[in-house]
There are 2 protein chains.
Amino acid sequence: MASLGELERAVMDLLWASQEAATANTLRDLLAQDSEAEGGSAGHQGKDLAVTTVLTVLSRLEKKGLVERERGTRPHRYQAVSSREDHTAELMHEVLGSAPDREAVLARFIGSVSESEAATLRKLLGGH
Amino acid sequence: MASLGELERAVMDLLWASQEAATANTLRDLLAQDSEAEGGSAGHQGKDLAVTTVLTVLSRLEKKGLVERERGTRPHRYQAVSSREDHTAELMHEVLGSAPDREAVLARFIGSVSESEAATLRKLLGGH
DNA sequence: AAAGTTTTCTACGAATTGTAGAAGAAGCAG
DNA sequence: CTGCTTCTTCTACAATTCGTAGAAAACTTT
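The rules behind the values
Within every chain, residues take consecutive numbers counted from 1 along the sequence as written. Note on labels: chains are lettered from A, ligands numbered from 1, in written order. Local features in this predicted model are restricted to residues of pLDDT 70 or higher, and side-chain atom pairs are both shown and tallied only at a pLDDT of 80 or more, whereas totals for entire chains, interfaces and linings draw on every residue. The basis for every side-chain value is the complete set of heavy atoms in the structure, and neither hydrogens nor water enter the calculation. Two rings from Phe, Tyr or Trp (for Trp, the six-membered ring) form a pair when their centres sit within 6.5 Å of each other. Planes less than 30 degrees apart are called stacked, planes more than 60 degrees apart edge-to-face, and all others tilted. Strands here are runs of E lasting at least two residues and helices are runs of H or I lasting at least four, both read from the DSSP assignment and numbered beginning at the N terminus. Relative accessible area decides the class of each residue, using a 1.4 Å probe on protein chains only: under 20% of the type maximum gives buried, over 50% gives exposed, and in between gives partly exposed. When checking whether two residues touch, look at their non-hydrogen atoms; a contact exists if any pair is within 4.5 Å. In short, buried area is how much 1.4 Å probe accessible area vanishes from two parts on joining, totalled over both. Think of a salt bridge as a Lys or Arg side-chain nitrogen and an Asp or Glu carboxyl oxygen that are within 4 Å of each other. Under the rule applied, a polar contact is a pair of N or O atoms within 3.5 Å (in protein, one hydrogen donor and one hydrogen acceptor; residues adjacent in sequence only if both atoms are side-chain atoms). In this text, near means that some heavy atom of the residue lies within 4 Å of the molecule or strand in question. Basically, the charged four are Asp, Glu, Lys and Arg, the nonpolar ten are Ala, Val, Leu, Ile, Met, Phe, Trp, Tyr, Cys and Pro, and anything else, Gly included, counts as polar. Our superposition of the copies is a least-squares fit, built on the C-alpha atoms of residues whose pLDDT is at least 70 in both.

1. Things to note about the packing of aromatic side chains
Scanning the entire structure with this criterion turns up one aromatic pair over all chains. Relative to F109(B), the ring of F109(A) lies with its centre 6.4 Å away and its plane at 55°, an arrangement referred to as tilted. Highlighted residues: F109(A) in helix 5 (residues 102–111) and F109(B) in helix 5 (residues 102–111), drawn from two different chains. Using a relative accessible area of 1% as the deciding quantity, one classes F109(A) as buried.

Shown next as structure tokens:
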């Protein structure tokens, strides 16, 4: 139960973008805007989703542990459980974790990182 | 079109384990063994798959670009396109790639790597 | 209590995956 | 070459996931 569908991803992007908790309605509106602004002629069309659709997706994301909801307030408010960066880093660990030879994987991985990123990594890893 | 199902993964594991190309029949046998040897009482049961099942899976893996087949020999022979390590590293890049703030993700990622792996990384990243 | 808003339940269609039979193609025994 | 055996391709079906949303239930507000 790892990867997200297209809409699920779109919703997460919104939640990650706005640090704040949002209601399903707000999200629906944001999604409408996004798809409206999305690209020239043949982009994939602008949807105007039903709120129930957004709610379903939010429930699924909650079940997957990516989203948390405040049930106290009346229009429930949803927010991402962890930041996009944390989540992505976690994902990377998941991918790596399933490998028997982690170090070999890391070697390959490092091999194809840009120089500037390599520099960042050196800094992060600190002097020996 | 990213992740693999359970059986697909099992097949890839076999192909990755044995550097050599294998036939569908061989793989079917190996799968049978594996599930046989797999865990005490309530593990998920030992299947004895039909060869067509294995062939279907192999075709799908081929379509996904993970497997290559020699069509010349009569029992076609299948092999992984890239090593497990390469594939995993690629996956990590895919995960990372979709992030707007790559460096932040890398920071988190590095933050939760074991010390020995950190050492390896330092070595790989080389001086200055 | 009526009307409006929000949430939950239920459902359906497309795509993916595990699973395999039926039928077609290719090679081997006579 | 003709039939038997083996291998591959085609087609199919059930379960799960995901996009999508109506119907109904629950809660607010007036």
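2. Observations concerning the interface of chain A and chain B
Counting residues at the interface gives 35 residues for chain A and 36 residues for chain B. The largest share of the area that chain A buries against chain B comes from M92(A), F109(A) and L125(A), three residues that together contribute 18% of it. There are four salt bridges connecting chain A and chain B. Where chain A packs against chain B, one counts twelve residue pairs in polar contact (both at pLDDT 80 or more). For the side of chain A that touches chain B, the secondary-structure elements that each account for two or more residues are helix 4 (84–97), helix 5 and helix 6 (115–125) of chain A.

3. Description of the protein's contact with DNA strand C
Surrounding DNA strand C, one finds 23 residues, the nearest of these being H76(A), G5(B), E6(B), L7(B) and R60(B). Separating a phosphate oxygen of DNA strand C from a backbone N or O atom of E6(B) is a distance of 2.5 Å. At a separation of 3.2 Å, a phosphate oxygen of DNA strand C approaches a polar backbone atom of A50(B). At the level of secondary structure, the elements contributing two or more residues to the surface near DNA strand C comprise helix 3 (51–63) of chain A together with helix 1 (6–17) and helix 3 (51–63) of chain B. The element contributing the most residues to the surface near DNA strand C is helix 3 of chain B, with four residues. Residues that form the surface near DNA strand C fall into these classes: five nonpolar, eight polar and ten charged.

4. Some details on the relation of the copies chain A and chain B
Superposing chain A onto chain B takes a rotation of 179° combined with a translation of 0.0 Å along the rotation axis, leaving an RMSD of 0.1 Å. Interpreted geometrically, this transformation is the action of a two-fold axis. Residues of chain A ranked by C-alpha distance from the rotation axis are headed by M92(A), positioned 2.8 Å from it. Same-surface contact between copies: 100% of interface residues of chain A are shared with the interface of chain B.

5. As for the side chain of R28(A)
All names here are of chain A. In this fold, R28 is placed in helix 2 (residues 24–36). A residue is classified by how much of its surface remains accessible, and R28, at 19% relative accessible area, is buried. Not counting residues up to four positions away in its chain, the partners in contact with R28 are L49, A50, V51 and V54.

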